[in-house]
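Survey of secondary and tertiary structure
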Amino acid sequence: QVQLVESGGGLVQAGGSLRLSCAASGRTFSNFAMGWFRQAPGKEREFVAAIRWSGGSTYYPDSVKGRFTISRDIAKRTVYLQMNGLKPEDTAVYYCAADAFPGVLRYAYEYDYWGQGTQVTVSS
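First, a word on scope: everything that follows refers to the structure included in this document. (Residues numbered from 1 in each chain as written. Predicted model: local features only at pLDDT ≥ 70, side-chain atom pairs only at ≥ 80, totals over all residues. Heavy atoms only, no water.)

1. Remarks on the side chain of Asp99
For clarity, the cut-off: Elements are defined by DSSP. Helices are runs of H or I of four residues or more, strands are runs of E of two residues or more, and each kind is numbered from the N terminus. Each residue gets one of three labels from its accessible area relative to the maximum for its type: buried under 20%, exposed over 50%, partly exposed in between, using a 1.4 Å probe on protein chains only. Pairs of residues are marked as contacts when any of their non-hydrogen atoms sit within 4.5 Å.
Looking at where Asp99 falls in the secondary structure, it is placed in strand 9 (residues 92-99). Its relative accessible area of 9% is what places Asp99 among the buried residues. Not counting residues within four places of it along the chain, the set of residues in contact with Asp99 comprises Phe32, Ala33, Leu105, Glu110, Tyr111 and Asp112.

2. A closer look at the environment of Asp90
Residue position: Asp90 is located in the loop between strand 8 (78-83) and strand 9. Assessed through its relative accessible area of 1%, Asp90 is described here as buried. Excluding residues that lie within four positions of it along the chain, Asp90 makes contacts with Arg38, Arg67, Phe68, Gly85, Val120 and Val122.

3. Topic: the sheet that holds strand 8
This is how the line gets drawn: For two strands to be treated as a pair, DSSP must find no fewer than two bridges joining them. Here the axes come from fitting lines to C-alpha atoms, over the contacting stretch only for helices, and the angles between their N-to-C directions go from 0 to 180 degrees.
Spatially, 1-3-8-7 is the arrangement adopted by the four strands of the open sheet, whose pairing is antiparallel. Two strands close off the open sheet at either side, each with one partner strand: strand 1 (2-7) and strand 7 (68-73). Each neighbouring strand pair of the sheet contributes to a mean axis angle of 20°, computed without reference to strand direction.

The values are spatial; any link to function lies outside them.
Structure below.
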């Protein structure tokens, strides 16, 4: 089993920055796919960023490319999402996800493990 705990959400003005953290525990993370998703009220869960635990390959959708950066600290078993240039449309609950797949995954259904989510609100 894998447990994921997100933190770092909050209220920020448009143009500001936040860094989300996702602390992982449980089974060994030698070859996992990790991702961040978000879900706004009344909308489907949306892919935000993904990283391969081994090697650090990353992938972003166009909506956040150049503004968001996903990274991981292997020793701390933590994945980060640095969000810069935040916009009101970035407002959502952000979820961390993990899967025992040695690559980069972009779709929510591909992930087996999820955190509880952290709220990010961007005011205009």
